[in-house]
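In case you want the letters, here they are:
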Amino acid sequence: MAVKGNVPYDPQNVFARILRGELPCNKVYENDYVLAFHDIAPKAPIHVLVIPKAPYVSFADFSQNASEAEITGFTRAVGQVARILQVDGPGYRLLSNVGEEGGQEVPHFHVHIFAGRALGPMLPE
Ligand code: AMP
């Protein structure tokens with residue numbers, strides 16, 4: 001079920017539960033600002049999610065309301081995770097789904113990192 005736009009943050013969403021340690025994850029990286037872990041249903045040979053530790057519903061919420069330090073910390077961490085995954089050379093794709101038409105399912109801002117094969121066209125025709 002896609003997330004409707006402009007909803008308040010739901011502290012029971014699955015990523016909030018992972019951040020609280022109530023659900024497991026296959027962790028790739030963690031720092032003060034972010035947690036990165038493998039997607040449970042990978043759509044590419046490498047499919048990792050990077051999420052801020054603070055509660056933001058979507059990129060729309062994060063870009064408007066996060067502090068400069070959070071935005072910088074998050075952006076640098078996405079690059080760091082790509083380096084950890086060693087996908088800088090061959091390349092990778094970043095994706096963040098926002099709201100209903102964006103196809104967002106989990107209402108906690110996240111960036112997908114896809115890699116491990118040629119990823120083809122950006123969107124289905
Ligand atoms: P989105 O459609 O952008 O909201 O993507 C949500 C992603 O979260 C999907 O790719 C799911 O496979 C992934 N996901 C959902 N639950 C979990 C979980 N417990 N651990 C890891 N990934 C998950």
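About the criteria used
Residues take numbers from 1 onward in each chain, read along the sequence in its written order. The predicted origin of the model limits local features to residues at a pLDDT of at least 70 and limits the giving and counting of side-chain atom pairs to 80 or more, whereas totals for whole chains, interfaces and linings rest on all residues. As a rule here, side-chain values cover all heavy atoms of the structure and leave hydrogens and water aside. Throughout, near means a residue has at least one heavy atom within 4 Å of the molecule or strand. Any pair of N or O atoms that falls within 3.5 Å is considered a polar contact. Within protein, one atom must be able to donate a hydrogen and the other to accept it, and sequence-neighbouring residues count only if both atoms are side-chain atoms. Method for areas: the Shrake-Rupley scheme with a 1.4 Å probe, in which residue coverage is limited to the protein chains shown. Only protein atoms enter the 1 Å grid used here. Points where a 1.4 Å probe fits but cannot escape make up a cavity, open sets with protein on both sides within 12 Å along at least five of seven lines make up a pocket, and a residue lines them when an atom lies within 4 Å of a point. What decides whether a molecule sits in a cavity or pocket is whether more than half of its atoms lie within 2 Å of the grid points. To qualify as a helix, a DSSP run of H or I must reach at least 4 residues; to qualify as a strand, a run of E must reach at least 2; elements of each kind are numbered from the N terminus. Classification convention: Asp, Glu, Lys, Arg as charged; Ala, Val, Leu, Ile, Met, Phe, Trp, Tyr, Cys, Pro as nonpolar; all other residues, Gly among them, as polar. Every case where a carboxyl oxygen of Asp or Glu lies within 4 Å of a side-chain nitrogen of Lys or Arg is listed as a salt bridge. A 1.4 Å probe rolled over the protein chains alone gives each residue an accessible area, and that area as a share of the maximum for its type sets the label: buried under 20%, exposed over 50%, partly exposed in between.

Colleague: Explain the site of the ligand residue by residue, including any values.
Modeller: Taken together, 17 residues lie near the ligand, and Asp39, Asn97, Glu105, His110 and His112 sit nearest. Within the backbone of Ile40, one N or O atom sits 3.1 Å away from a nitrogen atom of the ligand. Take Glu105: an N or O atom from its main chain is 2.7 Å from an oxygen atom of the ligand. Taking 510 Å² as the accessible area of the ligand by itself, protein coverage stands at 84%. Comparing atom positions with the cavity grids shows the ligand to sit within the largest pocket. Among the secondary structure elements, those contributing two or more residues to the shell around the ligand are α1 (14-19), β2 (34-38) and β3 (46-52). Examining the composition of the shell around the ligand, we find that three residues originate from one element, α1, more than from any other. For the shell around the ligand, a count of residues per class yields eight nonpolar, seven polar and two charged.

Colleague: Outline the pattern of salt bridges, supporting the account with residue identities and numerical values.
Modeller: Applying the stated criterion to the full structure yields four salt bridges. Across the pair Arg17 and Glu22 runs a salt bridge, and its minimum N-O distance is 3.2 Å. Taking relative accessible area as the criterion, Arg17 reaches 30% and is therefore assigned partly exposed. Salt-bridge contacts for Glu22 lead to Arg20; the nearest nitrogen and oxygen are separated by 2.7 Å. Looking at Arg20, the relative accessible area reads 41%, which means it is partly exposed. In the salt-bridge network here, residues are joined through shared partners; they are Arg17, Arg20 and Glu22.

No statement about biological role is implied by the geometric values presented.
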